[in-house]
Amino acid sequence: MEGILNVLNTISEKIMVKEIIGPILVICISILLNGIIKNFVHRFFHIDRKKLKTKEEKRTITVVSLITNIIKYVIILIDVIIILGIYGIPTASIIASLGAVGVVLGLALQDTLKDFVSGFFIITDNLYRMGDWIEVGNFEGEVINIGLKTTQIRAYTGEVKIISNRTVTEVINYNLSNTLAIVDIPIPYEEDYEKAEQVLKELCVKLTDTLDKIRGTVTLLGINEYNEKGLVYRITVDTVPTEHYGVQREIRKQVKQVLDQNKIQMGYPQVVVHNGKRV
């Protein structure tokens, strides 16, 4: 009788410790580990679901969800392998099979995987965002969509170019800093250049107070060059990113108005012909 009880105790201990307690511990540790990793990822990307407003923030949470899901499935796969090992099922062949399948899939989908990795780093490194004006290769336009596989850029004239993220090796982003509005004003040589300069200085003070989408003051740099049109004065001002074209148009308009009011002619190409004998 005592021998039977010893055998039963041994069996129960084995069942409780290995086949039941072991898998439970593995699952509990995995749940805890998944929670820690998920919390770390959310903190790394500064995610707060209650404050998501813009499309970019929503896109970021989508990427974060993708990352956390991948991590979750990897942990589940590892759990399955460990639990199968606890029950005495050989897992070496399963791992070898998974490795072979992974290699085949990696070779077949290497371009797609490159797109995904590049898209991930484009978003996390903040190379450009929705609404940014960028130049990739010879194409320039506004970013209207960023995916893990492709980026869509719309040109000023309406064309939309879709590029694979893996091809974005060099990009110019015009939204990362202020842009500079530059306006050159030619004044004919025969005009009173001192009067013209004073008029332009007064206009710059007015423009600084009235222009929208500028940062800083409108500045008259002085005479920038001499050419066939006359003395060329230059006006500059920092603007909100990508708004320099509109600011330049408004400055040109007001320059023409103020010069007309003061009866100062703007420069235009002139040809001087000398008629005489060579000595």
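Structural notes on the overall build of the protein chain
When you go through the protein chain residue by residue, the secondary structure sums to six helices and eight strands. Contacts spanning at least 24 positions in sequence make up 59% of the contacts within the protein chain whose residues lie at least 6 apart. Within the structure as shown, the protein chain displays about 18800 Å² of accessible surface, and the carbon and sulfur contribution to it stands at 60%.

Points about the nonpolar core
Ranked by size, the top nonpolar core spans 24 residues in total, and within it V218, I235, I251 and V255 carry the most contacts. Counting only elements with at least two residues in this core, the list comes to β6 (179-187), α5 (193-210), β7 (214-227), β8 (230-239) and α6 (244-261). The element best represented in this core is α5, accounting for six residues. Those residues in contact with I251 that lie beyond four places of it in its chain are V183, L207, L211, I235 and V237.

Observations regarding α6
The end-to-end C-alpha distance of α6 is 26 Å, a good match for the 26 Å that 18 residues give at a rise of 1.5 Å each. Turning to α6, its buried residues are H244, V247, Q248, I251, Q254, V255, V258 and L259. One face of α6 carries all of its buried residues, which in axial projection span an arc of 135°. Opposite its buried face, α6 presents the exposed residues R249 and Q261, each directed more than 90 degrees away. At its buried positions, α6 is contacted by β6, α5, β7 and β8. Note on α6: the residue one or two positions beyond its end, K263, has a positive phi of about 55°.

Considerations on the side chain of H244
Along the chain, H244 turns up in helix α6. Excluding anything up to four places from it in sequence, H244 contacts T179, L180, A181 and T239.

Overview of the pattern of salt bridges
A full pass over the atoms with the stated rule returns six salt bridges. Where D132 meets R129, a salt bridge forms, and the shortest distance between an N and an O atom there is 3.9 Å. R154 is the salt-bridge partner of E142, the closest N and O atoms lying 3.5 Å from each other. Taken as a pair, E142 in strand β2 (residues 139-146) and R154 in strand β3 (residues 150-154) lie far apart in primary sequence, twelve residues in all.

Considering unusual backbone geometry
Not every positive phi belongs to a glycine, and K213 is a case in point at roughly 60°. Topologically, K213 is positioned in the loop between α5 and β7. For K213, a relative accessible area of 48% corresponds to the partly exposed category. In this structure, T242 takes a positive phi of about 70° despite not being glycine.

Definitions and cut-offs
Residues numbered from 1 in each chain as written. Predicted model: local features only at pLDDT ≥ 70, side-chain atom pairs only at ≥ 80, totals over all residues. Heavy atoms only, no water. Helix = DSSP H or I, 4+ residues; strand = E, 2+ residues; numbered from the N terminus. Contact = heavy atoms within 4.5 Å. Areas by Shrake-Rupley, 256 points an atom, 1.4 Å probe, with all protein chains shown as cover. Core = buried A, V, L, I, M, F, W, Y, C linked by side-chain atoms within 4.5 Å. Buried < 20%, exposed > 50% of the residue type's maximum accessible area, 1.4 Å probe, protein only. Expected span 1.5 Å × (residues − 1). Arc of directions from axis to C-beta. Salt bridge = Lys/Arg side-chain N within 4 Å of Asp/Glu carboxyl O.

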